[in-house]
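# Reading the structure
Residues per chain, in single letters:
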Amino acid sequence: LSALMLLFVSFIGSLIHIYSIGYMAGDENFGKFFSYMNLFLGSMLILVLGSGPVVMFVGWEGVGLCSYLLISFYSKDTDNVLAGNKAFIVNRIGDLGFVLGMAFLFWAIGSGGFDYLSLRANAHILTPGIGLAVCLLLFIGACGKSAQIPLYVWLPDAMAGPTPVSALIHAATMVTAGVYMVARFSFIYAHVPLAGSIVAWTGILTALLSAIFGMFQSDIKKILAYSTVSQLGYMFAGVGVAAYSAGIFHVFTHAFFKALLFLGAGAVIYALHHEQDVWKMGGLKEKMPKTYWTMLIGALALAGCPPFSGFFSKDEILFSTLATGHTGIWLVGVAVAGMTAYYSFRMIFLVFHGAPRDQKAYDHAEDAPGV
């Protein structure tokens, strides 16, 4: 599990750093930006490499801090600072649940477990009541970090940061930490089926709610933000019905296609001089062919069209919900998959097809530089 997370966190992180060289060129706080990005990646690696919950928590707090620093990066604008504060405060609420869950766990298992291997060996000591409490408290932590109902409110606002930040934090790494944590503690969740069902239902309802929100957004980054919340809901539905490998597989595929879409959106925003309203775009396919084709591939993967990666991981999760007898979750999941296809292609058509709706911006547009 750690090896898989390491692979895509460091790989996608490297690509986003290279992209940022071009995107942030000419920014007065160029150095500050890269120091925050590296601090963020370091914290994320501590999170996935920790041998026990305490080390994981150090990384957990580190990514929370960096998300606050990066979201309110353009701090001259008050709205951005408020968005950063909101992310930080909502994460604190989740972290309280995480700390209480760890405390209960250590109290129940005693001196027999401060790392995952000894916790796994002693997991049978937990009574059903304490097991449920630990699972739900840890899940509150995951809800804060991975933007599930009711703590999802920070993620759409987090689009205030520069676009590479959205790609790194809100697609590939930080928001998947909650799913990683549930999968990491799977030996406790496996003992408490009720907790798993609560996780799965919370996830799939989050997926439904944010897919509905995503269908009505006009800001290109907000569409992708709600889509991220929606896909995270899918991941929790997967790990909730004990299909841990399917949930983590979706974490893996989603990291690639969502980072691609965010970076593509960044190229569009960059070309149009920081215009983010999709109703002011249109007809960009001729002007930005490279961006168009890469974003089209990302959108096909997000919508779950075979033979793209999103199809395999989504299908695996939907199959697992049906196979474990969660028919309700399966039905909602299929409906959400349809909505996902709708808002992905609504974005593609509004941005790249049709007549240009803002001629001045259209005239200036061109494909992003190579870096």
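Everything below is about the structure shown above.
First, a word on what this report is: a plain description of the structure on this page. Small disclaimer: the values here were computed from a predicted structure and weren't measured. (Residues numbered from 1 in each chain as written. Predicted model: local features only at pLDDT ≥ 70, side-chain atom pairs only at ≥ 80, totals over all residues. Heavy atoms only, no water.)

## Details of the overall build of the chain
Applied cut-off: Working definition: helices are DSSP H or I runs of at least four residues, strands are E runs of at least two. Numbering for both runs from the N terminus. The reference for a compact globule is 2.2 Å times residues^0.38; the radius of gyration itself is calculated from the C-alpha atoms. By the convention used here, residues are in contact when the closest approach between their heavy atoms is within 4.5 Å. The method behind every accessible area is Shrake-Rupley, applied with a 1.4 Å probe, and residues are considered shielded solely by the protein chains displayed. All tallies of charge rest on Lys and Arg as positive and Asp and Glu as negative; His and the ends of each chain are not included. The atom standing in for a charge is NZ when the residue is Lys, CZ when it is Arg, CG when it is Asp and CD when it is Glu.
Along its length, the chain carries 17 helices and zero strands. For 371 residues, the compact-globule estimate of 2.2 N^0.38 gives 21 Å, and the C-alpha radius of gyration of the chain, at 20 Å, lies within 12% of that figure. In the chain, once contacts between residues fewer than 6 apart in sequence are set aside, the share between residues at least 24 apart is 79%. Of the roughly 13,900 Å² of accessible surface on the chain, 70% is carried by carbon and sulfur atoms. Positive and negative side-chain charges in the chain, numbering 18 and 18 respectively, have mean positions lying 2 Å apart.

## Concerning the packing of aromatic side chains
Under the convention used in this document: Centres within 6.5 Å are what make two rings of Phe, Tyr or Trp a pair, Trp counting through its six-membered ring; a difference in plane orientation under 30 degrees is then read as stacked, over 60 as edge-to-face, and the rest as tilted. Each residue's exposure class comes from its accessible area (1.4 Å probe, protein chains only) as a fraction of the maximum for that residue type: buried when under 20%, exposed when over 50%, partly exposed otherwise. Note on geometry: a ring has a charge over it if NZ (lysine) or CZ (arginine) is within 6 Å of the ring centre and within 35 degrees of the ring normal.
This structure, assessed with the given rule, holds 21 aromatic pairs. When the ring of Phe139 is compared with that of Phe236, the centres are 5.5 Å apart and the planes differ by 75°; the resulting orientation is edge-to-face. One end of the pair, Phe139, is in helix α6 (residues 128-145); the other, Phe236, is in helix α12 (residues 220-240), and 97 residues separate them in sequence. Taking the relative accessible area as the measure of exposure, Phe236 reaches 0% and is therefore buried. Taken together, the ring pairs connect Phe30, Phe33, Phe34, Phe73 and Tyr74 into an aromatic cluster. In this structure, Arg92 is placed above the aromatic ring of Phe88, and the distance from its NZ or CZ to the ring centre is 4.3 Å.

## A look at the pattern of salt bridges
Note the cut-off: In what follows, salt bridge is the name for a side-chain nitrogen of Lys or Arg lying within 4 Å of a carboxyl oxygen of Asp or Glu.
For the coordinates displayed, the defined rule picks out three salt bridges. For Glu28, the salt bridge identified is with Lys76, shortest N-O distance 2.7 Å. Here Lys76 lies in the loop between α3 (53-71) and α4 (78-109) and Glu28 lies in the loop between α1 (2-23) and α2 (30-49), a separation of 48 residues in the sequence. No difference in accessibility class separates Glu28 from Lys76, as the two residues are exposed.

## Thoughts on the nonpolar core
Worth spelling out the cut-off: Buried Ala, Val, Leu, Ile, Met, Phe, Trp, Tyr and Cys residues that are joined via side-chain atoms within 4.5 Å together make up what is termed a nonpolar core.
Core analysis: the largest hydrophobic core is formed by 135 residues, its most contacted members being Leu47, Trp154, Phe185, Tyr189, Val268, Leu284 and Val351. For this core, the element with the most residues is helix α13 (residues 244-271), which contributes 15 residues. Those residues in contact with Phe185 that lie beyond four places of it in its chain are Pro53, Leu105, Tyr116, Leu119 and Leu138.

## Quick look at helix α16 (residues 327-352)
Note the threshold: How far a helix is expected to stretch is found by multiplying one less than its residue total by 1.5 Å.
With 26 residues, α16 extends 38 Å between its outermost C-alpha atoms, agreeing within 8% with the 38 Å of an ideal straight helix rising 1.5 Å per residue. Positive backbone phi, approximately 75°, marks Gly354, located one or two places after α16.

## A look at the layout of surface pockets
Stated formally: A 1.4 Å probe that fits but cannot get out identifies a cavity on a 1 Å grid over protein atoms alone, an open set with protein on both sides within 12 Å along at least five of seven lines counts as a pocket, and a residue lines either if it has an atom within 4 Å of a point. Grid points are joined across faces, edges and corners, and a volume is the space filled by probe spheres set on the points. Classification convention: Asp, Glu, Lys, Arg as charged; Ala, Val, Leu, Ile, Met, Phe, Trp, Tyr, Cys, Pro as nonpolar; all other residues, Gly among them, as polar.
Of the pockets and cavities examined, the largest pocket occupies roughly 590 Å³. If you go around the largest pocket, you meet 24 residues; those closest to its centre are Tyr19, Leu263, Ala267, Gly370 and Val371. If you list the elements that add at least two residues to the lining of the largest pocket, you get α1, α13 and α14 (289-303). A total of nine residues in the lining of the largest pocket trace back to one element, the largest contributor, which is α13. When its residues are assigned to classes, the lining of the largest pocket shows 16 nonpolar, six polar and two charged. Looking at the second largest pocket, its volume works out to about 190 Å³. Taken together, 13 residues make up the lining of the second largest pocket; nearest its centre are Met159, Ala160, Gly161, Lys221 and Gln276. The class makeup of the residues in the lining of the second largest pocket is six nonpolar, four polar and three charged.

## Section: unusual backbone geometry
A cis amide bond links Pro306 to the next residue, Pro307, at an omega of 5°. Relative to the helices and strands, Pro307 resides in the loop between α14 and α15 (309-323). Not every positive phi belongs to a glycine, and Ala242 is a case in point at roughly 70°. Residue position: Ala242 is located in the loop between α12 and α13.

## Brief notes about the packing of α15 against α16
Under the convention used in this document: To obtain each axis, a line is fitted to C-alpha atoms, and for helices this fit is confined to the stretch in contact; angles are then taken between N-to-C directions over 0 to 180 degrees. Orientation labels follow simple angle bins: below 35 degrees gives roughly parallel, above 145 gives roughly antiparallel, 65 to 115 gives roughly perpendicular, and whatever is left gives oblique.
Relative to each other, α15 and α16 sit at 155°, their axes nearing to 7 Å. Viewed along their axes, α15 and α16 adopt a mutual orientation that is roughly antiparallel. Residues Lys314, Leu318, Thr321 and Leu322 of α15 touch α16, and the partners they reach there are Thr327, Ile329, Trp330, Gly333, Val334 and Thr340.

## Examining a nonpolar patch on the surface
As a reminder of what qualifies: A residue counts toward a patch only above 30% relative accessible area and without a salt bridge, and it is joined to like-charged neighbours within 9 Å or, for Val, Leu, Ile, Met, Phe, Trp and Tyr, to nonpolar neighbours within 5 Å.
A surface patch of nonpolar side chains, amounting to about 590 Å² of accessible area, comprises Phe11, Leu15, Ile18, Ile21, Phe30, Phe256 and Val371. Residue contributions to the nonpolar patch peak at four residues, all from α1. For Phe256, a relative accessible area of 31% puts it in the partly exposed group.

## A closer look at α6
Over its 18 residues, α6 runs 26 Å from end to end, which matches the ideal 26 Å to within 8%, given 1.5 Å per residue. Buried residues of α6: Gly131, Val134, Cys135, Leu137, Leu138, Phe139, Gly141, Ala142, Cys143, Gly144 and Lys145, and no others. Downstream of α6 by a residue or two, Ala147 has a phi angle that is positive, lying close to 55°.

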